[in-house]
Amino acid sequence: MAEYDFIKMEKKLAKYLDEDRYAHTMGVMYTCAALAMVHGCALTQAQTAGLLHDCAKCIPNKKKLKMCSQHKIPVTEFEQTHPFLLHAKLGAYVAKAKYGVTDQEILSSITWHTTGKPDMTLLEKVLYLADYIEPSREEFPGLKELRRLAYEDLDQALLLGCRLTIEDMEERGVPVHTNTLQARDWLKGRNP
């Protein structure tokens, strides 16, 4: 596994993120490290994924679409109409192109950190949950339980995270990404 210069990456990243996004990112990196230590995930991978997970978040939506087209990153019909979701796929590209990350596990975890997917790896689970529960995350119903579960049972925490996301989207009248629904169904099959 490659070693990455966190300080160099962090300084570069700080130029592209607003203050709130930067604080969130540091919280996700910290939470990834904590979850990695509890669940036996590679620490450097988890920290790198946490640091870079939102590296494309502050790119305007029109530019996200344009960059995906330029770099042949597949965009679904759903993502065309919800381009804010593209920061995950585009983030994996940016992590590789701008920050020199070649570890496919890290890139995959960045790709799936927003929607989740069926059959997630340990690192994908760690990043998905760290993004959800990091310390600066605004309180919402279920957050305390999600934080507790994340340190006890990753699959149960992921299932709860998917359920909370789906409920929130449905309450707001926002369509739920099919990957999130598939992740929930996959997790339900593992946790009857």
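See the structure shown above.
What counts and what doesn't
- Residues numbered from 1 in each chain as written.
- Predicted model: local features only at pLDDT ≥ 70, side-chain atom pairs only at ≥ 80, totals over all residues.
- Heavy atoms only, no water.
- Helix = DSSP H or I, 4+ residues; strand = E, 2+ residues; numbered from the N terminus.
- Rg over C-alpha atoms; globule rule 2.2 N^0.38 Å.
- Buried < 20%, exposed > 50% of the residue type's maximum accessible area, 1.4 Å probe, protein only.
- Areas by Shrake-Rupley, 256 points an atom, 1.4 Å probe, with all protein chains shown as cover.
- Lys, Arg positive; Asp, Glu negative; His and termini not counted.
- Charge placed at Lys NZ, Arg CZ, Asp CG, Glu CD.
- Expected span 1.5 Å × (residues − 1).
- Contact = heavy atoms within 4.5 Å.
- Polar contact = N/O pair within 3.5 Å; in protein donor to acceptor, adjacent residues only side chain to side chain.
- Salt bridge = Lys/Arg side-chain N within 4 Å of Asp/Glu carboxyl O.
- Core = buried A, V, L, I, M, F, W, Y, C linked by side-chain atoms within 4.5 Å.
- Phe/Tyr/Trp six-rings, centres within 6.5 Å; stacked < 30°, edge-to-face > 60°.
- Axes fitted to C-alpha atoms, helices over the stretch in contact; angles between N-to-C directions.
- Parallel < 35°, antiparallel > 145°, perpendicular 65-115°, else oblique.
- Nonpolar A, V, L, I, M, F, W, Y, C, P; charged D, E, K, R; others polar.
- Left-handed = near helix turned anticlockwise from the far one by under 90°.

**Q** Any chance you could explain the overall build of the protein chain here in plain terms?
**A** Across its full length, the protein chain holds 11 helices and zero strands. Along the chain direction, N to C, the helices and strands of the protein chain fall in the order α-α-α-α-α-α-α-α-α-α-α. A compact globule built from 192 residues should have a C-alpha radius of gyration of about 16 Å, and the protein chain, at 16 Å, falls within 12% of that. Sorting the 192 residues of the protein chain into buried and exposed places 49% on the buried side. Per element, the accessible surface of the protein chain, about 9700 Å² overall, is 53% carbon and sulfur. Side chains of the protein chain carry 25 positive and 26 negative charges; the gap between the two charge centres is 7 Å.

**Q** Which parts of the structure should I look at to understand helix 10 (residues 154-172)?
**A** Side chains three or four residues apart in an α-helix point the same way, a direct result of the helix having 3.6 residues per turn. Taking 1.5 Å of rise per residue, 19 residues should cover 27 Å, and helix 10 covers 27 Å from first to last C-alpha, within 8% of that figure. Along helix 10, the positions that sit buried rather than exposed are Leu154, Asp155, Ala157, Leu158, Leu159, Leu160, Gly161, Cys162, Leu164, Thr165, Ile166 and Met169. Residues of helix 10 that are buried make contact with helix 2 (19-39), helix 8 (122-133), helix 9 (143-150) and helix 11 (178-190). Residue Asp153 occupies the N-cap position of helix 10, its side-chain oxygen lying 3.1 Å from the main-chain nitrogen of Asp155. Positive backbone phi, at 70 degrees, marks Gly173, one or two positions downstream of helix 10.

**Q** Honestly, the pattern of salt bridges in this entry has me stumped. Any pointers?
**A** Opposite charge on two side chains permits pairing when their charged atoms draw close. The tally for this structure, following the rule as stated, stands at 10 salt bridges. Notably, a salt bridge pairs Asp131 with Arg137, separated by 3.5 Å at the nearest N-O pair. Owing to a relative accessible area of 29%, Arg137 belongs among the partly exposed residues under this scheme. Close ionic contact of Arg172 with Asp168 constitutes a salt bridge, the shortest N to O distance being 3.1 Å. Residue Arg172 and its partner Asp168 are both found in helix 10; the two are separated by four residues, about one turn of the helix. Here the salt bridges do not stand alone but share partners, grouping Glu145, Arg148 and Glu152 into one network.

**Q** Explanation requested: the environment of Leu127 in the structure shown.
**A** Summarising the element assignment, Leu127 is placed in helix 8. Relative accessible area serves as the criterion here: at 0%, Leu127 is assigned to the buried category. The spatial distance from the C-alpha of Leu127 to the C-alpha of Gly116 is 9.8 Å, given a sequence separation of 11 residues. Those residues in contact with Leu127, other than ones at most four positions away along the chain, are Val28, Cys32, Ala49, Gly50, His53, Ser109, Ile110 and His113.

**Q** Sorry if this is basic, but what is going on with the nonpolar core here?
**A** In summary, soluble globular proteins display a tendency toward joint burial of nonpolar side chains. Core analysis: the largest hydrophobic core is formed by 53 residues, its most contacted members being Leu52, Leu90, Tyr99, Leu129 and Leu146. Top contributing element to this core by residue count: helix 8, with eight residues. If sequence neighbours within four positions are ignored, Leu146 has contacts with Leu129, Tyr132, Ile133, Phe140, Ala157, Leu160, Gly161 and Leu164.

**Q** Help me understand the packing of aromatic side chains, please; the structure alone is not making it clear to me.
**A** Each aromatic ring pair is characterised by the separation of its centres together with the angle its planes make. With the rule as written, the count across this model stands at two aromatic pairs. An aromatic cluster is defined as three or more aromatic residues linked by ring pairs; in this entry it consists of Tyr128, Tyr132 and Phe140.

**Q** Looking at this model, I keep getting lost on the packing of helix 1 (residues 6-14) against helix 3 (residues 43-52). Mind explaining?
**A** A packed helix pair is summarised by two numbers, namely the angle formed by the two axes and the spacing between the axes. One way to put it is that helix 1 packs onto helix 3 with a least axis distance of 10 Å and a crossing angle of 10 degrees. The orientation of helix 1 with respect to helix 3, classified from their angle, is roughly parallel. Judged by residue contacts, Phe6, Met9, Glu10 and Leu13 of helix 1 engage Thr44, Gln47, Thr48, Leu51 and Leu52 from helix 3. For the contact of helix 1 with helix 3, the per-class residue count stands at five nonpolar, three polar and one charged.

**Q** Which parts of the structure should I look at to understand the packing of helix 8 against helix 10?
**A** Here helix 8 crosses helix 10 at 50 degrees, and the two axes come no closer than 10 Å. Relative to helix 10, the element helix 8 is oriented oblique. Crossing hand, helix 8 versus helix 10: left-handed. Along the contact surface, helix 8 presents Leu122, Lys125, Val126, Tyr128, Leu129 and Tyr132, while helix 10 presents Leu154, Asp155, Ala157, Leu158, Gly161, Cys162, Leu164 and Thr165. When its residues are assigned to classes, the contact of helix 8 with helix 10 shows 10 nonpolar, two polar and two charged.

Nothing here speaks to function; it is geometry throughout.
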